[in-house]
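# Structural description and commentary
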Amino acid sequence: MAKLSPVVVVLGNNSISVAKKIISVIPGAKLYGLAGRTYDTDVDVNFTDFGTTLRELFADGTPIIGICATGILIRTLAPLLTNKRQEPPVLAVAEDGSAIVPLLGGLNGVNNLARQIASVFNIQPAITTTGEIRFGIALEDPPPGYHLSNPSNAKVFMSDLLAGNSVRLEGNPLWLNWLKSSSLPINSNAERVIQVTEKNVFSTPTHLIYHPQAIAIGISIHQQRDFSESPIPLIPQILADAELSPASIAGVFASQLDAAQPEIQGIADALNVPVRFLAPDELSKAMSRHHTSDVAVAAALAASQGKLISQRKVLNITCAIAIADLPIDTNTTGRPRGRLAIIGTGPGRSDWMSPEVKNILSNATDFVGYSTYLKLIAASTPGKHLHESDNREEIVRASLALDLAAEGRFVAVVSSGDPGIYAMAAAVFEAWEKEQKPAWQGIDIHVAPGISAMQAAAAQIGAPLGHDFCAVSLSDILKPWSIIEHRILAAAQGDFVIALYNPISKQRTWQLTETKKILLNYRSPNTTVVLARNIGRDGESIKVCTLAELSPECADMRTVIIIGSSKTRVIAKPDGGIWVYTPRRYE
């Protein structure tokens, strides 16, 4: 099953200190706290319904560490217990850290996780698995880097050993160390066998097979990319010809310059393994060291530090297979494809953020943005890398984000509102196009939309954007006033509802007055105007006036102004307030 980062669940503030000690030894773990009993600033995620939250985490395969009584965990998850091979680790930890009790997930590392947590508190976990107690090993749960081929036979196999039978070990001595370090009854003449091999070997109830994830598959894409036939289905045949087990594959490895090639990810997906990319200079060293000019061979050998088994050209790719002396750790070998998400957090309120943006906030490693915007998401980014900059350094900020993503990180460029509206999305693509750095070519760039300032303002007052509208920024930093003036004139002549962004600043105090003069040539002085300031944030205000009453004193850089069309209407609300809307029909 996919390995997800654990969640530590606490029901009160008294458990926070123990939870943070646990998180200190479990990279990527998140802290969930019961709302009303824990402070927002102390936890990563607040939840209101304990049962629903735990069942959702469990169903998703997330390891759960509950700082609570074992009974509440058992009763909560009992309805979901159907397949022990699919159960994620679940542990109960005493509020003072004096007891660690593994409950579920014995086949998915719960005992190892319990030992890891127990080390923080200098205690022994309450492990009750007979095989682990007697022999110090769980055959159904091998260490990272090894895969049990026939898990259905492991329980009976262990029972036979507990009954007095001995076991013979076969395989590369370096792959057997984890077995030799246990207290298994090893005998070179035993009938029962544990074999560790990269080969496709037939298993039996008395012959357990483990596959070390020691095979590196190197892939290179030729310049002439004409895939009339997909190369992906041919890779398993190459493995079969070499009599290699797919379970022994640690990952697919390629040049960072090929990171955007879909065939590479497709091969990794077909094999259900991660893909990692190597820097050009690292590959050059491997080429020199192994006297090869083939990128695929260099990638396989650099990743494995072992020996080449096979090399074959298939259609327009080269596939090379190498094997290592020890399992390959893909967390420290190469780097994943860099990801750059350009996100819009909306005006400021967390409940206005999209689920997609919240997911990015939770999973990104680095956040790049204007300091004010990073402060708005501070509660969602504890322990993350924050890269702050001044508001006018958009291209510098974009280039920094691209450089970080090129290192294999998951970077989020943060904008308020929508990132594609007077925000950072355009800046990132502008920087990418102008500099064209080779390292940037493989980055996976994605734009995650948000609620724009004009949408939020419109929603707060009714529906002033109910008919044709446009948006114009009054800032003349990136375009001359003559262009702005021309666009305002055209919008006024077309009777558009107009959303004005950046209406005034300390350095720009006259553009709003000039805009009003242009509009009054085509609009009635009684035209409805909406001034929305700090929508979704502290100090939110929304006012309605007429075009004649509009003045620079009414606005600042945190204000979005909506100028109504000739059809925009103001109607009274039953509570004494007003709504503003523009009819759908133009009559």
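Shown above is the structure to which this text applies.
Residues numbered from 1 in each chain as written. Predicted model: local features only at pLDDT ≥ 70, side-chain atom pairs only at ≥ 80, totals over all residues. Heavy atoms only, no water.

### Re the overall build of the protein chain
- In terms of regular secondary structure, the protein chain is built from 18 helices and 28 strands.
- If you line up the protein chain on its principal axes, its C-alpha atoms span 100 × 60 × 40 Å.
- Relative to its full complement of 587 residues, the protein chain shows a buried share of 48%.
- For the protein chain, the centre of its 51 positive side-chain charges and the centre of its 54 negative side-chain charges are spaced 3 Å apart. (Helix = DSSP H or I, 4+ residues; strand = E, 2+ residues; numbered from the N terminus. Buried < 20%, exposed > 50% of the residue type's maximum accessible area, 1.4 Å probe, protein only. Lys, Arg positive; Asp, Glu negative; His and termini not counted. Charge placed at Lys NZ, Arg CZ, Asp CG, Glu CD.)

### Looking at the nonpolar core
- Among the nonpolar cores identified, the biggest contains 59 residues, and Leu139, Ile194, Ile217 and Val252 are the most heavily contacted of them.
- Once you skip the residues sitting within four places of it in the chain, Leu139 turns out to touch Leu148, Phe157, Met158, Leu161, Leu184, Ile194, Leu208 and Tyr210.
- Among the nonpolar cores identified, the runner-up in size contains 22 residues, and Cys470, Val472, Ile484 and Cys545 belong to it. (Core = buried A, V, L, I, M, F, W, Y, C linked by side-chain atoms within 4.5 Å. Contact = heavy atoms within 4.5 Å.)

### A short note on a nonpolar patch on the surface
- On the surface, Val544, Val570 and Ile578 cluster together into a nonpolar patch covering about 190 Å² of accessible area.
- Positionally, Val544 belongs in strand S25 (residues 541–546).
- Of the residues examined, Val544 reaches a relative accessible area of 31% and is grouped as partly exposed. (Patch = residues over 30% accessible without salt bridge, like charges linked within 9 Å, V, L, I, M, F, W, Y side chains within 5 Å. Areas by Shrake-Rupley, 256 points an atom, 1.4 Å probe, with all protein chains shown as cover. Salt bridge = Lys/Arg side-chain N within 4 Å of Asp/Glu carboxyl O.)

### Observations concerning the environment of Leu271
- Mapped onto the elements of the fold, Leu271 is located in helix H9 (residues 262–271).
- In the structure, Leu271 is positioned 110 residues away from Leu161 in sequence and 34 Å away in space, judged by C-alpha atoms.
- With residues up to four places along the chain from it excluded, the contact list for Leu271 reads Ile217, Ile235, Leu239, Ile249 and Val252.

### Observations concerning unusual backbone geometry
- Unusually for a residue other than glycine, Gln305 sits at a positive phi of about 55°.
- Even without being a glycine, Tyr422 presents a positive backbone phi close to 50°.
- Inspection of the secondary structure puts Tyr422 in the loop between strand S19 (410–415) and helix H15 (424–435).
- On the basis of relative accessibility, which here comes to 44%, the residue Tyr422 falls in the partly exposed class.

### Some thoughts on the packing of helix H17 (residues 481–493) against helix H18 (residues 511–520)
- Where H17 meets H18, the closest approach of the two axes is 9 Å, and the angle between their N-to-C directions is 35°. The way H17 lies across H18 gives a crossing that is right-handed. Contacts from Trp481, Glu485, Ile488, Leu489 and Ala492 of H17 reach H18 at Gln511, Glu514, Thr515, Ile518 and Leu519.
- Split by residue class, the contact of H17 with H18 holds six nonpolar, two polar and two charged. (Axes fitted to C-alpha atoms, helices over the stretch in contact; angles between N-to-C directions. Left-handed = near helix turned anticlockwise from the far one by under 90°. Nonpolar A, V, L, I, M, F, W, Y, C, P; charged D, E, K, R; others polar.)

### Some remarks on the sheet that holds strand S13 (residues 275–278)
- The five strands are arranged S13-S12-S11-S15-S14 in an open sheet whose pairing can be described as mixed. Every interior strand has two partners, whereas the edge strands, S13 and strand S14 (307–314), have only one. With strand direction ignored, the average angle separating the axes of adjacent strands in the sheet is 25°.
- Looking at chain direction, strand S11 (residues 215–221) and strand S12 (residues 249–255) are connected through four bridges and run parallel. (Pairing = 2+ DSSP bridges.)

### Thoughts on the packing of aromatic side chains
- Taken as a whole and judged by the stated rule, the model has six aromatic pairs.
- Ring geometry for Tyr422 and Tyr501: centres 5.0 Å apart, planes at 55°, overall tilted. Linking Tyr422 in the loop between S19 and H15 with Tyr501 in strand S23 (residues 497–501), this pair joins segments that are 79 residues apart in sequence.
- Its relative accessible area of 10% is what places Tyr501 among the buried residues.
- The structure contains a cluster of three or more aromatic residues connected by ring pairs, namely Tyr146, Trp178 and Tyr210.
- The residue whose ring lies beneath Arg339 is Phe410, and the NZ or CZ to ring-centre distance is 3.9 Å.
- When the ring centre of Tyr586 is taken as reference, the NZ or CZ atom of Lys567 above it lies at 5.3 Å. (Phe/Tyr/Trp six-rings, centres within 6.5 Å; stacked < 30°, edge-to-face > 60°. Lys NZ or Arg CZ within 6 Å of the ring centre and 35° of its normal.)

### Points about the pattern of salt bridges
- Taken as a whole, this structure holds 13 salt bridges when the rule is applied.
- Salt-bridge contacts for Glu170 lead to Arg168; the nearest nitrogen and oxygen are separated by 3.1 Å.
- Judged by relative accessible area, Glu170 falls into the partly exposed class, the value being 26%.
- When salt bridges that share partners are traced, they join Asp366, Glu407 and Arg409 into one network.

### A few points about the side chain of Arg523
- Examined against the element boundaries, Arg523 turns out to sit in the loop between H18 and strand S24 (528–533).
- A distance of 3.5 Å separates polar atoms of two side chains, one belonging to Arg523 and the other to Asp495.
- Ignoring anything within four residues of it in the chain, the contact list for Arg523 reads Ala491, Ala492, Asp495, Phe496, Ile498, Leu547, Ile563, Gly564 and Ser565. (Polar contact = N/O pair within 3.5 Å; in protein donor to acceptor, adjacent residues only side chain to side chain.)

### Quick word on the sheet that holds strand S2 (residues 30–34)
- Sheet architecture is open: six strands sit in the order S3-S2-S1-S4-S5-S6, paired in mixed fashion. Looking at which strands have only one partner, the edges of the open sheet turn out to be strand S3 (45–47) and strand S6 (100–104). Each neighbouring strand pair of the sheet contributes to a mean axis angle of 25°, computed without reference to strand direction.
- Note that strand S4 (residues 64–67) and strand S5 (residues 90–93) share three bridges and pair parallel. Along S5, the bridge assignment pairs Ile65 with Leu91.
- Of the strands in this sheet, S4, S5 and S6 touch helix H4 (residues 110–121), which is tilted by about 165° from S6.

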